Amino acid sequence: MSAFDDLYEANEKFAASFGSSGLTGRAARGLAVVTCMDSRIDPLGLLGLRPGDAKILRNAGARVTDDVLRTLVLAVYVLGVERVLLMPHTDCGMAKVSDADVHGLAAARGVDTRSLDFHTILDQDEALRHDLTRIRTTPFLPQGMPVAGAIYDVSTGRLQPSPH
């Protein structure tokens, strides 16, 4: 028995009624969403989207890292993205630890992670403002492309648009 058998079994059931084979891989609604990897977030459902409508980029804390920028460039120039929503959330684990905390937790298990930057969040509003600015000012994306931020409340399911 494999640690993944439950997933393979669920996939068999999913594939039996799969109906998305006609999708092209382009963002049908011209949208990219950058959000957290938190499993309480259903980006398609909470935004009224369906498979194929948007490109969903997920990482710890919904941070705009170099890899997120690389992916947004590909999404814009190759996959039909014309607008970006940056969507962190309430009760985020990345706002409950510092990089030093994470390094310490890993070190306690014999792993040296000091070469990694975890982009933990000291102030969520400031992190959102910083990351929105990073997307808006990168020379690699079209100037003036619509970029917005909103914080998703994991307790209510509501989005709070950012003034930044």
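Let us look at the structure shown here. (Residues numbered from 1 in each chain as written. Predicted model: local features only at pLDDT ≥ 70, side-chain atom pairs only at ≥ 80, totals over all residues. Heavy atoms only, no water.)

## Observations regarding the overall build of the protein chain
Counting secondary structure elements, the protein chain contains 5 helices and 5 strands. Along the protein chain, from the amino end to the carboxyl end, the secondary structure elements read α-β-α-β-α-β-α-α-β-β. When its C-alpha atoms are laid out on the principal axes, the protein chain stretches across 55 × 45 × 30 Å. Residues classed as buried in the protein chain amount to 35% of the 164 residues present. In the protein chain, 68% of the contacts between residues at least 6 apart in sequence involve partners at least 24 apart. Approximately 10,200 Å² of the protein chain is accessible, and the part contributed by carbon and sulfur atoms is 55%. (Helix = DSSP H or I, 4+ residues; strand = E, 2+ residues; numbered from the N terminus. Buried < 20%, exposed > 50% of the residue type's maximum accessible area, 1.4 Å probe, protein only. Contact = heavy atoms within 4.5 Å. Areas by Shrake-Rupley, 256 points an atom, 1.4 Å probe, with all protein chains shown as cover.)

## A closer look at the side chain of Thr113
Summarising the element assignment, Thr113 is placed in the loop between α4 (99-107) and α5 (124-137). The exposure class assigned to Thr113 is buried, which follows from its relative accessible area of 11%. Residues in contact with Thr113, not counting those within four places in the same chain, are Val102, His103, Ala106 and Phe118.

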